[in-house]
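What follows is the residue order along each chain.
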Amino acid sequence: MKNTTLSENAPNGPALPPGGSAREGAIAPMARLGGAAVLFVIALLGLSVVGGEWTAGRLLEAWRGGSGDPASAERTIELWTQLRLQRLLFAAAIGGVLSLAGVAFQAVLRNPLAEPYILGVSGGASVGVLSAPWWWAVGAGAMVPALAGGLAALGLLLGAARWARVRDSASLILTGAVLNAIFAAWILLLYTLLSGPQAGGSRVEVGLAWAMGNLGPERYRVLGVLPELWLVLGVGAVTLLLLARPLDLLALGEEEAADLGIEPRSHRWLILIVGSLITAVAVAAAGPIGFVGLIVPHAVRRLVGVSHRRVIPWSIFGGALFLMLADTFARSLLPGRPLPVGVVTAMLGGPFFILLLRRRGEGDA
Amino acid sequence: MSAILRADGLHVRRGEHTMARGVSFDLPAGDALAVIGPNGSGKSSLLLGLRGLLPSTGGLHLDGVDPREVARAEVARHVAVVPQRNESAFPMRVEEMVRLGRAPHRRPWQGWSRADRELTRHWLDRLGLDPLRTRAVDSLSGGERRRVFIARALVQETPVLFLDEPFAGLDPAARGEILACLHDLRADGSRTLVLVLHDLLPVEELCTRVVGLRRGEVRIAGACGEVLDPAALEDLYGNPWEELVRPGEGVEEERRVLLPARRDGRR
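Predicted model, so just to flag it, every value in this text is computed and none were measured.

Peer 1: I would appreciate a short explanation of the interface of chain B and chain A in the present structure.
Peer 2: Many authors give the size of an interface as the accessible area that is lost as the parts come together. At the interface, 24 residues of chain B touch 31 residues of chain A. Considered class by class, the residues forming the side of chain B that touches chain A number 15 nonpolar, 4 polar and 5 charged.

Have a look at this one:
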């Protein structure tokens with residue numbers, strides 16, 4: 001995936017657009033086949049790598065009936081399905097949601113750099129979650145304050161942009177970055193309050209792990225958010241797929257969208273709200289994981305073109321793959337010390353953002 | 001006579017400013033109207049007002065509907081717009097861009113029909129864009145790009161076409177390209193055109209009627225041959241104009257040309 005995103009078009013060179021070689025119909029079967037192959041490899045990696053160690057052999061052995069002790073074989077299989085598979089599915093759902101949200105924001109704000117994490121929507125949802133003291137007790141209940149925080153952040157972003165008379169989308173990104181910094185300060189403040197004498201240290205630890213973006217078992221098992229997540233991903237994906245053409249039109253600009261028959265404002269709001277809601281749910285479940293919605297949609301557009309009918313399903317799929325891989329990497333890098341996946345995506349995504357910025361400057365992004 | 005586009009004392013506002021004041025005209029179907037005037041005179045705002053994208057008061061009638069009172073999709077089935085520039089956020093291919101002209105005829109969630117694809121191919125072919133159809137729109141030359149948006153407007157199959165400065169920013173070759181394209185459209189006669197034009201050369205060639213705005217006020221309105229003369233243009237643009245007559249040769253008719261005059265009166 002990475003290689004394709006980095007391939008350069010010569011400035012005046014072959015005028016095929018990024019993804020222009022993706023002739024409709026011609027690339028689709030190839031892409032599907034390739035996608036399935038990549039999914040298989042990543043799933044295999046995710047299921048079999050533990051702490052940097054390749055453990056597929058042990059599972060195979062367990063499947064065959066194990067080396068003598070049937071109880072241990074059963075335990076191995078249980079461990080795999082209960083832990084590894086669930087975690088993988090969790091990563092896939094979160095990755096799909098985040099990537100989808102990126103697609104929505106980029107089309108509506110007409111900037112390939114727009115992403116809920118960069119714009120502060122994830123930060124707002126985090127503040128919402130941490131402000132609600134019941135957040136880890138109820139699990140899925142954390143979604144309510146997250147939704148409130150995410151929507152408030154969207155309102156603040158657009159309100160601040162309007163008040164400051166921000167007209168171009170680059171300045172909007174900047175506004176979002178500043179908002180993000182404010183939310184980061186709030187998060188630190190809330191931690192300081194949480195770590196007071198009456199609060200248990202473990203809460204802070206759990207909170208801290210969450211705030212770095214985490215797919216660890218304490219998230220998907222304890223909170224039991226998996227069904228809700230699939231529901232949200234499903235509803236969000238269907239809504240945005242139904243709005244694929246308005247997304248295409250809004251990417252042309254408000255006036256052109258209106259001239260081609262949609263009400264730009266109401267569609268814009270609807271899409272931004274749906275994008276913020278699905279982001280907030282992902283944040284409630286796994287903490288703020290950044291840059292998935294930046295990297296994946298960009299790569300997808302290069303591969304399948306810019307029509308949202310293709311970009312949306314491929315981005316969900318690509319986001320799922322990306323986060324599954326990133327999480328496998330995160331928990332294998334340091335044996336015995338799984339890293340929060342948000343650390344990995346940010347380390348990859350930050351430089352990627354700068355790269356996209358440079359290419360925009362060259363008129364190619 | 002039934003006018004396909006009629007404005008009756010139309011005031012167009014942008015925020016607190018009135019951009020066009022008391023504009024009235026009747027445009028019969030198949031005609032072409034030029035909207036002219038100096039920079040900032042409200043030409044483009046008038047075009048926005050005429051399709052209901054800026055608030056306005058006064059009578060407005062576009063192919064049987066008032067664009068201020070119906071949904072955008074309905075308006076987009078009556079009038080198509082060729083924008084002055086396009087700043088698409090993502091590099092879209094020519095064919096995809098042109099096909100978007102079918103959007104007002106489909107529900108947002110519906111796919112393109114075979115008829116949509118065929119119509120797109122038809123206009124790509126007629127405007128000579130077929131070899132470019134898989135190219136990115138932003139990789140094209142100015143004239144090619146303008147043709148893409150003309151094709152998109154034609155694919156939209158509306159009786160009325162608005163063109164906002166179709167010659168702006170084009171070199172002479174591209175101007176010729178677009179002029180030929182618009183001549184074809186005029187000859188075809190099935191569409192009514194409204195063109196915002198920055199200079200006068202194409203006005204008399206392409207248009208039957210003209211509206212001249214200066215600071216939102218109508219200074220010129222009527223049939224081109226009747227109302228365009230040096231005095232009217234001086235009133236509109238504020239500089240002296242003169243009329244030259246080019247003698248006809250052979251079968252060519254005599255042509256008159258209006259040009260800005262030099263201050264010393266010589267050419």
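Peer 1: Got a minute to help me understand the environment of His308 of chain A in this structure?
Peer 2: Residue and element names in this part refer to chain A. By secondary structure assignment, the location of His308 is in helix 16 (residues 308-332). Residue classification places His308 among the buried positions, given that 25 C-beta atoms sit within 10 Å. With 184 residues separating them in the primary sequence, His308 and Gly124 have C-alpha atoms 27 Å apart.

Peer 1: Just to check I follow, could you spell out the domain arrangement of chain B for this structure?
Peer 2: Residue and element names in this part refer to chain B. Looking at chain B, the domain boundaries give domain 1 (3-232) and domain 2 (233-267). The distance between the C-alpha centroids of domain 1 and domain 2 comes to 27 Å. Contacts between the two partners involve 12 residues from domain 1 and, on the opposite side, 9 residues from domain 2. Of all the secondary-structure elements, those providing two or more residues to the side of domain 1 that touches domain 2 are strand 8 (209-214), strand 9 (217-223) and helix 9 (230-237). Examining the composition of the side of domain 1 that touches domain 2, we find that 3 residues originate from one element, helix 9, more than from any other.

Peer 1: Help me understand the confidence of the model for chain B in this model?
Peer 2: Caution applies to low-pLDDT regions: their predicted coordinates should not be interpreted in detail. Residues and elements named next belong to chain B. When the pLDDT values of chain B are averaged, the result is 89; 97% of them are 70 or greater. By mean pLDDT, strand 11 (residues 255-260) is the weakest element of chain B at 81, and strand 5 (residues 79-82) is the strongest at 96. Taken together, the chains of this predicted complex give a pTM of 0.85 and an interface ipTM of 0.91.

Peer 1: Even after reading the chapter, I still don't get unusual backbone geometry, so can you show me in this structure?
Peer 2: Most peptide bonds are trans, and most residues other than glycine sit at a negative phi. Within the chain, Arg110 of chain A stands out as a residue other than glycine whose phi angle is a positive 55°. Locating Arg110 of chain A in the fold gives a position in the loop between helix 4 (70-108) and helix 5 (121-131). Look at Arg110 of chain A and you get buried, because 20 C-beta atoms sit within 10 Å. A positive phi is found at Glu165 of chain B, a non-glycine position, where the angle reads about 45°. Judged by the 21 C-beta atoms lying within 10 Å of it, Glu165 of chain B is buried.

Peer 1: How do you make sense of the environment of Pro38 of chain B when you look at a structure like this?
Peer 2: All names here are of chain B. Looking at where Pro38 falls in the secondary structure, it is placed in the loop between strand 3 (32-36) and helix 1 (43-50). For Pro38 and Leu197, which are 159 residues apart along the polypeptide, the C-alpha to C-alpha distance reads 9.9 Å. The residues contacting Pro38, other than those within four sequence positions of it, are Arg214 and Tyr237.

Peer 1: Explain the nonpolar core to me, please; I cannot follow it from the model alone.
Peer 2: General note: in soluble globular proteins, nonpolar side chains tend to be found buried as a group. Counting 168 residues, the largest nonpolar core has Ile94, Val97 and Val281 of chain A together with Val35 and Leu195 of chain B as the members making the most contacts within it. Broken down by element, the residue count for this core peaks at 15 residues, all from helix 4 of chain A. Non-local contacts of Leu195 of chain B, meaning those with residues more than four positions away in its chain, are made with Ala32, Ala34, Val35, Leu163, Pro166, Leu206 and Cys207 of chain B.

Peer 1: Teacher, can you tell me more about the packing of helix 4 (residues 114-126) of chain B against helix 5 (residues 142-155) of chain B here?
Peer 2: When two helices pack together, their arrangement is given by the angle between their axes and by how far apart the axes lie. Residue and element names in this part refer to chain B. Close contact between helix 4 and helix 5 brings their axes to 9 Å; oriented N to C, the two are set at 140°. Taken together, the axis directions place helix 4 and helix 5 in an arrangement best described as oblique. Helix 5 is crossed by helix 4, and the crossing has right-handed handedness. Note on element contacts: helix 5 touches helix 4 through Ala151, Leu154 and Val155, opposite Leu119, Thr120, Trp123 and Leu124. The residue inventory of the contact of helix 4 with helix 5, partitioned by class, reads 6 nonpolar, 1 polar and no charged.

Peer 1: Help me understand the confidence of the model for chain A, please; the structure alone is not making it clear to me.
Peer 2: Residues and elements named next belong to chain A. On average, residues of chain A score 79 in pLDDT, and 76% of them reach the 70 mark or higher. For chain A, per-element mean pLDDT is lowest for helix 1 (residues 2-6), which scores 34, and highest for helix 12 (residues 244-250), which scores 95. Of the regions scoring below 50 in pLDDT, residues 1-26 engages in 36 contacts with residues more than four places distant in sequence or in other chains.

Peer 1: What should I look at first to understand helix 4 of chain B in this one?
Peer 2: Within an α-helix, residues lying three or four positions from one another point in the same direction, as the helix has 3.6 residues per turn. All names here are of chain B. Relative to the 18 Å expected for 13 residues at 1.5 Å per residue, helix 4 spans 18 Å between its end C-alpha atoms, a close match to the ideal helical length. Listed in full, the buried residues belonging to helix 4 are Leu119, Thr120, Trp123 and Leu124. Looking down the long axis of helix 4, one finds its buried residues gathered within 135° of arc, a one-sided arrangement. Among the exposed residues of helix 4, those oriented more than 90 degrees off its buried face are Arg114, Ala115, Glu118 and Asp125. Lining the buried residues of helix 4 we find helix 3 (94-99) and helix 5. A positive phi of about 70° marks Gly128, the residue just after helix 4.

Peer 1: Please clarify how the pairing of strand 6 (residues 160-164) of chain B should be interpreted in this entry.
Peer 2: Successive residues of a regular strand alternate their side chains across the two faces of the sheet. Residue and element names in this part refer to chain B. Of all 5 residues that make up strand 6, 5 are buried, and the element is covered over most of its length. Where strand 5 meets strand 6, 4 bridges bridge the pair, whose relative direction is parallel. Following the sheet pairing, Ala80 is matched in strand 6 by Leu161. Here 5 bridges tie strand 6 to strand 7 (residues 192-196), and the two strands are oriented parallel to one another. Note on strand 7: the bridge partner recorded for Leu161 is Leu193. In terms of handedness, the path from strand 6 via helix 6 (residues 172-188) over to strand 7 forms a crossover that is right-handed.

Reading the values: rules and limits
- Residues numbered from 1 in each chain as written.
- Chains lettered and ligands numbered in written order.
- Predicted model: local features only at pLDDT ≥ 70, side-chain atom pairs only at ≥ 80, totals over all residues.
- Contact = placed C-beta atoms within 7 Å.
- Nonpolar A, V, L, I, M, F, W, Y, C, P; charged D, E, K, R; others polar.
- Helix = DSSP H or I, 4+ residues; strand = E, 2+ residues; numbered from the N terminus.
- Buried ≥ 20, exposed ≤ 12 C-beta atoms within 10 Å, placed from the backbone.
- Domains from an automatic or database assignment.
- pLDDT = per-residue confidence, 0-100.
- Core = buried A, V, L, I, M, F, W, Y, C linked by C-beta atoms within 7 Å.
- Axes fitted to C-alpha atoms, helices over the stretch in contact; angles between N-to-C directions.
- Parallel < 35°, antiparallel > 145°, perpendicular 65-115°, else oblique.
- Left-handed = near helix turned anticlockwise from the far one by under 90°.
- Expected span 1.5 Å × (residues − 1).
- Arc of directions from axis to C-beta.
- Pairing = 2+ DSSP bridges.
- Right-handed = clockwise from strand over helix to strand, strands pointing away.

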